[in-house]
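# Structure at a glance
Here are the chains, one letter per residue:
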Amino acid sequence: MSNNTPIWPQLEAYLDSGWLRPLDLALARLLQQQVPDTPEPVLLAVVLTSHQLGRGHLCLDLAAVLEAPDTLLALPPPGRRADNRPTDWIAGLTLAHWCQLLREAEVVDEDENGQAPLVLSGHRLYLRRYFRYECEVARALLALQRREFALPEDLNARLSALFAPLKDEAERSGREPHWQSLAAALAARSGLAVISGGPGTGKTTTVVRLLALLQSLKLDAQRAAGEEATGLRVRLAAPTGKAAARLSESMAGTLAQIRAGRVAGIDAEVGAVIPAEVDTLHRLLGARPDTRFFRHHADNPLHLDLLVVDEASMVDLEMMAALLSALPPTARLILLGDKDQLASVEAGAVLGDLCRYADVPRYQATTWAYLHQATGYDLSDFQGPGSDIEQQILMLRKSHRFGADSGIGTLARAVNRGEVGRVNGCWSAFGDIARLDLNSVQDPALSTLVLEGTAQGLTGTPRGYRHYLTVMQQGLDNHGCGPEGDAWARSVLEAFGEFQLLCAVREGPWGVAGLNQRVAEILASASLIRTDQPWFAGRPVMMMRNDYGLNLMNGDIGVCLPFADGGGQPVLRVVFPMPDGSLKRVLPSRLTEVETVFAMTVHKSQGSEFAHTALVLPDHPNPVLTRELIYTGITRARSWFTLLLPRADLLPSSVTRRTHRSSGLAQRLLETRPG
Ligand SMILES: Nc1ncnc2c1ncn2[C@@H]1O[C@H](COP(=O)(O)OP(=O)(O)OP(=O)(O)O)[C@@H](O)[C@H]1O
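For the protein, an unreviewed UniProt entry supplies the name RecBCD enzyme subunit RecD and the organism Ferrimonas gelatinilytica. Per its UniProt entry, the protein bears the Catalytic activity (unreviewed entry) comment "ATP + H2O = ADP + phosphate + H(+)". Regarding the protein, the UniProt comment filed under Subunit (unreviewed entry) reads as follows: "Heterotrimer of RecB, RecC and RecD. All subunits contribute to DNA-binding."

So this is what it looks like as structure tokens:
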């Protein structure tokens, strides 16, 4: 960095262009006021650390930023030019010199328990709070993983009985590993298990059987000790209301079968001690409105023996730290999720960091021997010098929902592997996926898709938004405020879940804001909605913040419906499906922080599924266009997927670009090596 660079005017210019946030500059200014002779490279590092945090990174990776500044910092911002860029400023710096300046600065120290607002750890610079979270999360996960549980002599027989009905011929004969029983075997022995898998790979199925195993062991132990047979205290949780509702629904179906004694290998009585209720993490921890503090923490731990967290890819580092600190020291934790999905909106990528080597696991000899004994499967191909925590991580590999004949499955796998040729080749081979190359938002193909859900290449009966609006209108004469109104509202909500537009970006004609407006125009010109008032019958909305008063969580989706009030004009109420299966009707005026969701971001769609999902890419390159974003969009689709491309050349570059999140967590977790 040249000594005469006027840093503040330049930073102000970046602020004006939206490149930096006011917060990013405020911290550096404060530090400079406190320690006026703080060198400019240190101030710049502070600004960039805060900027990186705003983009999901836990720290500023000084080595990486020196190597590829524009890539890491996403500079200049999309569509803008900048003459004097941080790239130029840091051009004269070496890693050794920058680290030296930081080590000497009063505002930085290297100790977890120090006082300075920033912490330098190797070549990573953190805001202290995030450094603390990273250390705490690593320590807590490693402590969980180290906790061993006694296993019965007949574990192999028990696992065989539980999983036999789920094995195909190759798995029964041992030609292929049965990953679900292997996952259960790993989880049974330790305080920690991480089970990653794409859509339909059987995460829920596996966890139900695992819970059946652990509960039957506990019930036996309690009976043998002459205690009341209550089983383990099990709780289930997910990051969003939608994800919680989906898991709950999926658990309820299997549990009903178990409780009726219809699941081979599982006693009906065990079904009684497996819960189907799923909480959001906020509710589980006892969120306190408008603070980041929870009722449960290290001094007031959760009352449970085992916690299952679904959709763990959406859990950010701060939430993970809160969750781990609230676990009682004797509890087990099972994390379920899809490591290939987008990471959490907030900083950190805990599941991704944990699963760095999950594609090709590196199981130690002792793990190999244990799994061989417990399941009979030989994982010699996956032996390696993995760290201790990797021994508790397993990836499920076979999708039972999207097989080889599924376009959605084939496309998702090709995107996940970055195989551009295969992505380009698969559109014409399947009837459940379609690609629309569009010229503008006025393109009639967009209107057809939005209204009817049809696109060239799709077979069957995919729906568009006309469907739920027709269901709404058909019930208009028959919807009082009583239960018949509920049945009607439920059918509208269900029909709304048949189709959803997802956007990669928020801004521009192909972003959430632009498309919400365009879709409203299309629906209004088909006389399906009236948009002369902000609240109109059929308006779908999403909560943008938790509202504890209303018991509605960020990401919850409701639809505004007209209810008869006994005469005169119908009254509008926004109806939300609640995690317990009930419906909540809310006055529109009570909802201050909601957005229309004819279109929503891929981020916001995580944890949800729609029969027909249409993903819209923008018409400009943007750093958010990554393989993980496209994969997440595709895997929201249950039966049909349509990709809308205003600019075709952006697809290959998006499929090859990986999301990167700077963090020291993987190193902390994976550095505990055997021997
Ligand atoms: N081994 C198996 N053999 C046959 N069908 C299976 C097997 N495992 C799971 N399934 C079926 O596949 C479907 C998906 O399973 P499950 O819901 O457990 O997957 P998941 O990974 O939890 O899915 P999601 O992507 O919704 O999180 C279910 O219908 C389930 O019954």
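Helices and strands together make up the secondary structure of the protein, namely 28 helices and 20 strands. The C-alpha atoms of the protein give 26 Å as radius of gyration, which agrees with the globular expectation for 675 residues (26 Å, within 12%). Reported as C-alpha extents along the three principal axes, the dimensions of the protein are approximately 75 × 70 × 50 Å. Looking at the protein as a whole, 56% of its 675 residues are labelled buried. When the accessible surface of the protein is split by element, carbon and sulfur atoms take 49% of a total near 27,900 Å².

Quick look at the environment of Leu 371 now. Note on placement: Leu 371 falls in helix α18 (residues 365–375). Considering only alpha carbons, one finds Leu 371 and Asn 156, 215 residues apart in sequence, at a separation of 9.4 Å.

Turning to helix α2 (residues 22–34), a few remarks are in order. For the α-helix, the turn length of 3.6 residues means that residues three or four positions removed from each other point alike. Helix length check: α2 (13 residues) gives 18 Å between terminal C-alpha atoms against 18 Å at 1.5 Å per residue, within 8%. Structurally, α2 contributes buried residues whose contacts are with α1 (7–16), α3 (40–54) and β3 (118–121).

Another point: the pairing of strand β15 (residues 571–577). Along any regular strand, the residues point their side chains to alternate faces of the sheet. Bridge analysis of strand β14 (residues 557–563) against β15 gives 5 bridges, and the strand direction is antiparallel. Bridging across to β15, Cys 560 finds its partner in Val 574. Relative to strand β16 (residues 583–586), β15 runs antiparallel, the two sharing 4 bridges. Following the sheet pairing, Val 575 is matched in β16 by Arg 585.

Right, let's get into the site of the ligand. Taken together, 13 residues sit near the ligand, with Leu 166, Lys 203, Thr 204, Thr 205 and Arg 246 positioned nearest. Gly 200 is positioned with one of its backbone polar atoms (N or O) 3.0 Å from an oxygen atom of the ligand. One of the side-chain N or O atoms of Lys 203 is found 2.8 Å from an oxygen atom in the ligand. For the ligand, the protein covers 70% of the area, taking 630 Å² as the surface of the free molecule.

The positions that UniProt labels "binding site: ATP" (unreviewed entry) are, in the present scheme, Gly 197, Gly 198, Pro 199, Gly 200, Thr 201, Gly 202, Lys 203 and Thr 204. Checked against the element boundaries, Gly 197 lands in strand β5 (residues 192–197). Gly 197 sits in the buried class, given a relative accessible area of 2%. Mapped onto the fold, Lys 203 is located in helix α12 (residues 203–224). Excluding residues within four positions of it along the chain, Lys 203 makes contact with Ile 195, Ser 196, Gly 197, Gly 198, Leu 336, Gly 337 and Leu 396. Within the structure, the side chain of Lys 203 is placed 2.9 Å from the backbone oxygen of Gly 197, a separation counted as a polar contact.

The term disulfide refers to a covalent linkage connecting the sulfur atoms of a pair of cysteines. Tallied over the full model, the rule gives 0 disulfides. Among the cysteines around Cys 59, which has no disulfide bond, Cys 135 carries the closest sulfur, lying 11 Å off. For Cys 59, a relative accessible area of 0% puts it in the buried group. Here Cys 355 stays unpaired: no disulfide links it, and the sulfur of Cys 59, its closest cysteine neighbor, is 19 Å away. Judged by its relative accessible area of 3%, Cys 355 is buried.

We now examine the UniProt feature "domain: UvrD-like helicase C-terminal" (unreviewed entry) in the protein. Mapped onto the present numbering, the UniProt feature "domain: UvrD-like helicase C-terminal" (unreviewed entry) falls at residues 597–643. Taken end to end, residues 597–643 has its terminal C-alpha atoms 18 Å apart, with 26% of it in helix and 36% in strand.

Glancing now at the sheet that holds strand β9 (residues 332–337). Read from one edge of the open sheet, 6 strands run β7-β6-β8-β9-β5-β10, paired in parallel fashion. Looking along the sheet, the strands with just one partner apiece sit at the ends: β7 (278–280) and β10 (393–396). Across the sheet, the mean angle from the axis of one strand to that of its neighbour is 25°, orientation sign disregarded. Here strand β8 (residues 306–309) pairs with β9 via 4 bridges, running parallel. Residue pairing in the sheet places Leu 306 in a bridge with Arg 332 of β9. Contacts from helix α13 (residues 241–259) reach β6 (234–238) and β7 within the one sheet, and its direction differs from that of β7 by about 175°.

Before going further, it helps to spend a moment on the side chain of Thr 240. One can find Thr 240 in the loop between β6 and α13. Filtering out sequence-adjacent residues up to four positions away, Thr 240 remains in contact with Thr 280, Met 314 and Gln 606.

Per-residue pLDDT for the protein averages 90, and the proportion of residues at 70 or more is 95%. For this predicted complex, the interface confidence score (ipTM) comes to 0.98, while the overall pTM stands at 0.92.

Looking now at the packing of helix α9 (residues 155–163) against α12. Between α9 and α12, the shortest axis-to-axis distance is 10 Å and the interhelical angle comes to 135°. Comparing the axis directions of α9 and α12 gives the class oblique. Here α9 and α12 pass one another in a crossing that is right-handed. Two secondary-structure elements touch here, α9 through Leu 155, Arg 158, Leu 159, Leu 162 and Phe 163 and α12 through Thr 206, Arg 209, Ala 212, Leu 213, Ser 216, Leu 217 and Asp 220. The residue makeup of the contact of α9 with α12, split by class, is 7 nonpolar, 2 polar and 3 charged.

Applying the stated criterion to the full structure yields 33 salt bridges. Where Lys 339 meets Asp 340, a salt bridge forms, and the shortest distance between an N and an O atom there is 2.9 Å. For Lys 339, a relative accessible area of 13% corresponds to the buried category. The partner of Arg 435 in a salt bridge is Asp 437, and the shortest N-O contact between them spans 3.1 Å. With relative accessibility at 43%, the residue Asp 437 sits in the partly exposed group. Because the salt bridges share partners, they merge into one network encompassing Arg 246, Glu 311, Arg 401, Glu 609 and Arg 638.

Cut-offs and rules
- Sequence order as written defines the numbering, with residues in each chain counted from 1.
- Local features in this predicted model are restricted to residues of pLDDT 70 or higher, and side-chain atom pairs are both shown and tallied only at a pLDDT of 80 or more, whereas totals for entire chains, interfaces and linings draw on every residue.
- The basis for the side-chain values is all heavy atoms of the structure; hydrogens and waters are excluded.
- UniProt positions are given in the numbering used here, feature names are shortened, and annotations may be inferred rather than shown by experiment.
- Under the DSSP-based scheme used, a helix requires at least four consecutive residues in state H or I and a strand at least two consecutive residues in state E, with every element numbered from the N terminus.
- Only C-alpha atoms enter the radius of gyration, while the globule expectation follows 2.2 Å times N to the 0.38, with N the number of residues.
- Residue exposure (1.4 Å probe, protein chains only): buried if accessible area is under 20% of the type maximum, exposed if over 50%, otherwise partly exposed.
- Note on areas: Shrake-Rupley, 1.4 Å probe, and residue coverage restricted to the protein chains presented here.
- Residue count minus one, scaled by 1.5 Å, sets the expected span of a helix.
- Whether two residues touch is decided by their heavy atoms; if any such pair falls within 4.5 Å, the residues are in contact.
- Any two strands are treated as partners once DSSP identifies two or more bridges connecting them.
- For each residue, the test is whether any non-hydrogen atom lies within 4 Å of the molecule or strand; if one does, the residue is near.
- Between N or O atoms, a polar contact is any pair within 3.5 Å; within protein, one atom must be a potential hydrogen donor and the other a potential acceptor, and residues adjacent in sequence are included only when both atoms are from side chains.
- Two cysteine sulfur atoms form a disulfide, by the criterion used here, when they sit within 2.5 Å.
- Every axis corresponds to a line fitted to the C-alpha atoms, with the helix fit spanning only the stretch in contact, and the corresponding angles, defined between N-to-C directions, vary from 0 to 180 degrees.
- Confidence of the predictor at the level of single residues is captured by pLDDT, which takes values from 0 to 100.
- Here the angle decides the label: under 35 degrees means roughly parallel, over 145 means roughly antiparallel, 65 to 115 means roughly perpendicular, and every other value means oblique.
- The sense of a crossing depends on the near helix, which, turned anticlockwise from the far helix by less than a right angle, makes the crossing left-handed and, turned clockwise, makes it right-handed.
- Residues were grouped as follows: Ala, Val, Leu, Ile, Met, Phe, Trp, Tyr, Cys and Pro as nonpolar; Asp, Glu, Lys and Arg as charged; and all remaining residues, including Gly, as polar.
- Each salt bridge in this description consists of a side-chain nitrogen of Lys or Arg and a carboxyl oxygen of Asp or Glu lying within 4 Å of one another.

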